[in-house]
Amino acid sequence: MLFHELNRAGCKTYLAACEQTNRAALVDPLKDRVDRYLAVLAYHRLTLDLIIDSHTHADHRTGVWDLRELTGAKVVMHRRAPAPHIDIHIDEGSQLELGSLHLQFLHTPGHTPDSTCIRIDDRLLTGDTLLIGGTGRTDFPGGDPGAQYDAITKKLFALPESVRVFPAHDYRGNICSTIGDEKRANARVAGRSRDEYITLMNNLGMPLPAKIQEALQANESAIDDDSLKFPTLAQLSEVRQLEPGEVDSRLHSANPPVLLDVREAEEFSGELGHISGSILMPLRHLPQRAKELDKFRDREIIAICRAGVRSTTAAAILGGLGFEHVCNLKGGMLDWSDAKLPVER
Ligand SMILES: [Fe+2]
């Protein structure tokens, strides 16, 4: 296997390739280094098959969309990833072949709901779940320290101790460690109970990344060309969230809400389907098309998307345009379908 970290910086991008077939995967590419990755692929005469994000990043814009457009390779993320245009959704236990290489995926939520680790032979790419001597923060939207503790101690620490750990970040000059090293000495997890870990993670008091606003919503929506002015975190936090069951009961009331689905057309008619009667208005077009919703200003509008993330952005945008009764379907069509509520395709 050809295996390289390509950034030589605190934020890591890994290249893994099969030397027999020259098929390659990139994991966690940065938007501003896409040229460099293409040059490395060309230098080694590799064909890019898979572009994988270990999770939805908040600290940099992902390079997956540019790489997909330029190479035709497939974008791979966990099914909980909020973005559209993901070619392969993986889940716990999913496996993908890359020439003679075998990629195994573990769902390790906690840093984000869509966090995954990728095992290739004796290497484990741990994203921002398990870092060398640390763990990924759990204070972003959707973060869950208890889930992260379980993922690390029950899934990752159950792997052979010799498995090598390659994280998505390291700011102390480390290259890799092993499962055994982290089990024994990880400063956050080793010797801590689940409750102690949750308390620790809830009190880290770390500042937010400098560019979280422009990175996170661009990565969540696959809109990274500055065509949309995203709401602030404060505006997002004001959006009222409704559980699927609550939305369903409102739909059966005397005064049912307007359903506004902000996904792409292919998602609307895709695997998850849509709720009957929904209006399709992709997030990218919302500011231009919001006028079409003027006739519903007095009614309740419920914004809907895949994971409830893009639709929270949509609800905040409508709030900014003076729509006063906009809520969000929490967890989106993923939670709606998990609740076995009816859909149309
Ligand atoms: Fe991250």
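In this text the structure is predicted, and so the values were computed from the model without any measurement.

Procedures and definitions
Residues numbered from 1 in each chain as written. Predicted model: local features only at pLDDT ≥ 70, side-chain atom pairs only at ≥ 80, totals over all residues. Heavy atoms only, no water. Phe/Tyr/Trp six-rings, centres within 6.5 Å; stacked < 30°, edge-to-face > 60°. Lys NZ or Arg CZ within 6 Å of the ring centre and 35° of its normal. Pairing = 2+ DSSP bridges. Helix = DSSP H or I, 4+ residues; strand = E, 2+ residues; numbered from the N terminus. Buried < 20%, exposed > 50% of the residue type's maximum accessible area, 1.4 Å probe, protein only. Arc of directions from axis to C-beta. Contact = heavy atoms within 4.5 Å. Salt bridge = Lys/Arg side-chain N within 4 Å of Asp/Glu carboxyl O. Core = buried A, V, L, I, M, F, W, Y, C linked by side-chain atoms within 4.5 Å. Donors = N, O, S within 2.8 Å, 3.2 Å for Na, K, Ca; no water.

(A) A look at the packing of aromatic side chains. Following the criterion strictly, the structure yields four aromatic pairs and no others. Taken together, the ring pairs connect F3, Y14 and F166 into an aromatic cluster. Between the NZ or CZ atom of R123 and the centre of the ring of F3, over which it lies, the distance is 4.4 Å. Between the NZ or CZ atom of R297 and the centre of the ring of F323, over which it lies, the distance is 4.0 Å.

(B) Expanded view of the sheet that holds strand β14 (residues 177-178). With mixed pairing, six strands are arranged side by side in an open sheet as β7-β8-β9-β10-β13-β14. Looking at which strands have only one partner, the edges of the open sheet turn out to be β7 (95-98) and β14. Pairing of strand β8 (residues 101-107) with strand β9 (residues 116-120), which is carried by five bridges, proceeds in the antiparallel orientation. Residue pairing across strands places L106 opposite C117, the latter belonging to β9.

(C) Seen up close, helix α1 (residues 34-43). For α1, the complete set of buried residues consists of V34, Y37 and L41. Buried residues along α1 cover an arc of 60° about the axis, so they all sit on one side. Exposed and oriented more than 90 degrees from the buried face of α1 are D35, A42 and Y43. The inward-facing, buried residues of α1 abut β2 (14-17), β3 (23-27), β4 (47-52) and α2 (64-71). After α1 finishes, the residue R45 shows a positive phi value of roughly 55°.

(D) Here's a closer look at the pattern of salt bridges. Going through the model one piece at a time under the given rule, you end up with 25 salt bridges. The shortest N-O distance in the salt bridge between D338 and R80 comes to 2.9 Å. Here D338 is found in helix α12 (residues 332-338), whereas its partner R80 is found in the loop between β5 (74-78) and β6 (88-90), with 258 residues between them in sequence. The shortest N-O distance in the salt bridge between K155 and E92 comes to 2.9 Å. Taken together, the residues K155 in helix α3 (residues 145-156) and E92 in the loop between β6 and β7 connect sequence positions 63 residues apart.

(E) The arrangement of the nonpolar core in detail. Ranked by size, the top nonpolar core spans 25 residues in total, and within it L260, L283, L286, L293, I301 and L318 carry the most contacts. Ranked by residue count, the leading element in this core is helix α11 (residues 310-320), at five residues. Core analysis: the next-biggest nonpolar cluster, separate from the first, contains 24 residues, V64, L67, M77 and I86 among them.

(F) Representation of the coordination of the iron ion. Of the protein atoms, only H55 (NE2), H111 (NE2) and D128 (OD) coordinate the iron ion, at distances of 2.1 to 2.3 Å. For the iron ion, the donor residues sit on a single chain with the sequence spacing H-x55-H-x16-D. With H111 in the loop between β8 and β9 and D128 in the loop between β10 (123-127) and β11 (130-131), this residue pair connects regions lying 17 residues apart in the sequence. In terms of burial, H111 and D128 fall into one category: buried.

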